[in-house]
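Topology and contacts: notes
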Amino acid sequence: MKNVKNILMFITVSAFLFSSAQRVNSLGGNVGYWAGDDNEWTMFPHTLNNSNLAQVAGLGTESAHEAYVRWGEGTKWGFSWNQANANDMLNLQWGNGTMGATFGFGMASYDDGIAKGDDTCTPSASNDCVDATSSMGLNASFGMAMGFGDLGVGFYQNSGDDGTGATDQAAAMGFWANIRRAQNLWVFDNMLAGFSFGSDNNTGASVSADAETNMSLTTSFFTHLDIADGTTGLLAMGFGYYANAALDGVKDATETTIVLPSWTFAVESGMTDWATCRVGLTSAYVLSNTVNSGLADAKDVTNSGTNTTNWSVGLGFNYGSFNLDLDVEEDLFTNPVQHVTGYEPISGDNATATLTYTW
């Protein structure tokens, strides 16, 4: 069930104001529930007005570092860089205290110098015998606090030419929108709703004439729990509808999933004045899932009742001038002595860290 992994997640608002995507991931994975977190701008761009920061993420990897810097009083300016996106030209952030916006642009081209259709070319390390290739992509987002609550919207588009002269070339486009507002319902006092739509014809083994489309509609309600001094918990319950068409480029392949309810429970607790422990649990009940392979005479396959539950843990350290967020393994809590004394690492081989300075 391809869509099940995209269930609604719930995250908490914490007393620790500034943090990172790494902190959010250790508490369930949805920054929309972290009012005040410095990574909140990814869903509600106007919140980039709330902080000046310099941040480096992906520490511990060789090629997946990301860096962010933004500053200003009144007017906010920011820039970001992603080591994995070699063709990025510009990633800009802007805010005026009320509104916020981001804009990204990237492009690349290559020409091997061989005339189109020249069959005498011999492939080598410096010449792959293809005609000129090119690609271009852009993305933008906007956010603002409205009378009904926080609003964030975004758009992306990219396309390319692989130089083969093929009729079908890679292209993708999509948009998203999020709303968050105070809303009392049962034991909850806030609501988060999101919608997204995307189309991409390069999701399978090759570029397809039929683009795969993905649509999602999610709604959840959440509340904050004051568990103890220095310890905050959050609870959310949600609904999700996900629909895919032309899966992997197969024209008639479809999948529809309804998730109800989805749950997230997360706790962040200050163990000391400089160390914070984070634990998150997410669970989703698949009320309905319908899949059709799109092959000739294929029938719909339906099922329900699958419940997916996942755990996540993390640590945060406050060093005064900067914060450090770190991936850890559950074994740190079940076998703490070995880790504290240095006999075992506190995180796995693929663990990363995020370093953040705020002012």
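What comes next is a walk through the structure.

Here is what the cut-offs are and how they apply
Counting restarts for each chain, with residues numbered from 1 along the sequence as it is written. Local features are withheld for residues below a pLDDT of 70 in this predicted model, meaning they are given only at 70 or higher, and side-chain atom pairs are given and counted only at 80 or more; totals for whole chains, interfaces and linings count all residues. Side-chain figures throughout are based on the complete set of non-hydrogen atoms in the structure, without hydrogens or water. Put simply, DSSP H or I for four residues or longer makes a helix, DSSP E for two residues or longer makes a strand, and each gets a number counted from the N terminus. For every residue, the accessible area obtained with a 1.4 Å probe (protein chains only) is divided by the maximum for its type, and the residue is called buried under 20%, exposed over 50%, and partly exposed between those limits. Contacts between residues were defined by any pair of non-hydrogen atoms, one from each residue, lying within 4.5 Å. Method for areas: the Shrake-Rupley scheme with a 1.4 Å probe, in which residue coverage is limited to the protein chains shown. The term polar contact refers here to a pair of N or O atoms within 3.5 Å; inside protein, the definition further demands a hydrogen-donor-capable atom paired with an acceptor-capable atom, and it admits residues adjacent in sequence only when both atoms are side-chain atoms. Each patch groups residues whose relative accessible area exceeds 30% and which form no salt bridge, using 9 Å between like charges and 5 Å between nonpolar side chains of Val, Leu, Ile, Met, Phe, Trp and Tyr. Put simply, a salt bridge is a Lys or Arg side-chain nitrogen that is within 4 Å of an Asp or Glu carboxyl oxygen. The pocket and cavity definitions rest on a 1 Å grid over protein atoms only: a 1.4 Å probe that fits but cannot leave marks a cavity, an open set with protein on both sides within 12 Å along at least five of seven lines marks a pocket, and residues lining either have an atom within 4 Å of a point. Grid points are joined across faces, edges and corners, and a volume is the space filled by probe spheres set on the points. In this classification, Asp, Glu, Lys and Arg are treated as charged, Ala, Val, Leu, Ile, Met, Phe, Trp, Tyr, Cys and Pro as nonpolar, and every other residue, Gly included, as polar. In plain words, nonpolar cores are sets of buried Ala, Val, Leu, Ile, Met, Phe, Trp, Tyr and Cys residues tied together by side-chain atoms within 4.5 Å. We call two strands paired when DSSP finds no fewer than two bridges between them.

1. Description of the overall build of the chain
- Each helix and strand counted, the chain has 3 helices and 17 strands in total.
- Across the 359 residues of the chain, 38% fall into the buried class.
- Nonlocal contacts in the chain, meaning residues at least 24 apart in sequence, comprise 52% of its contacts between residues at least 6 apart.
- When the accessible surface of the chain is summed, it comes to about 18,300 Å², and 58% of that surface belongs to carbon and sulfur atoms.

2. With respect to the side chain of Asn30
- Within the fold, Asn30 resides in the loop between α1 (21-26) and β1 (53-59).
- A distance of 2.9 Å separates a polar side-chain atom of Asn30 from the backbone nitrogen of Gly32.

3. Some thoughts on a nonpolar patch on the surface
- A contiguous nonpolar patch, built from Met89, Leu90, Phe103, Met107 and Met136 and spanning about 460 Å² of accessible area, is present on the exposed surface.
- Looking at the nonpolar patch, the elements with two or more residues in it are β4 (88-95) and β5 (99-110).
- The topology assignment puts Phe103 in strand β5.
- Owing to a relative accessible area of 37%, Phe103 belongs among the partly exposed residues under this scheme.

4. Re the layout of surface pockets
- Roughly 740 Å³ of internal volume is contained in the second largest pocket.
- Around the second largest pocket, the lining is made up of 36 residues, and of these Asn85, Asp88, Asn91, Gly104 and Asn139 lie nearest the centre.
- Looking at the lining of the second largest pocket, the elements with two or more residues in it are β2 (66-71), β3 (76-82), β4, β5, β6 (133-146) and β7 (149-161).
- Grouping the amino acids of the lining of the second largest pocket by side-chain chemistry returns 16 nonpolar, 18 polar and 2 charged.

5. Some details on the nonpolar core
- In this structure, Val24, Leu27, Val31, Tyr33, Trp34, Met43, Phe44, Leu192, Phe222, Leu234, Ala236 and Ala266 together form the largest nonpolar core, which totals 12 residues.
- If you look at the next biggest cluster of nonpolar residues, it comprises 10 residues, including Leu315, Val328, Leu332 and Ala353.

6. Focus on the pattern of salt bridges
- The full count for this structure, using the stated rule, is 6 salt bridges.
- Here Asp150 and Arg180 are joined by a salt bridge, their closest N and O atoms 3.0 Å apart. Of this pair, Asp150 sits in strand β7 while Arg180 is found in strand β8 (residues 171-185), placing the two residues 30 residues apart along the sequence.
- Residue classification places Asp150 among the buried positions, given a relative accessible area of 18%.
- Because the salt bridges share partners, they merge into one network encompassing Arg23, Asp37, Glu268, Arg278 and Asp325.

7. What about the pairing of strand β17 (residues 353-358)?
- Bridge analysis of β1 against β17 gives 5 bridges, and the strand direction is antiparallel. Residue pairing across strands places Gln55 opposite Thr356, the latter belonging to β17.
- Relative to β17, strand β16 (residues 323-327) runs antiparallel, the two being bridged by 4 bridges. What sits directly across from Asp325, in β17, is Thr354.

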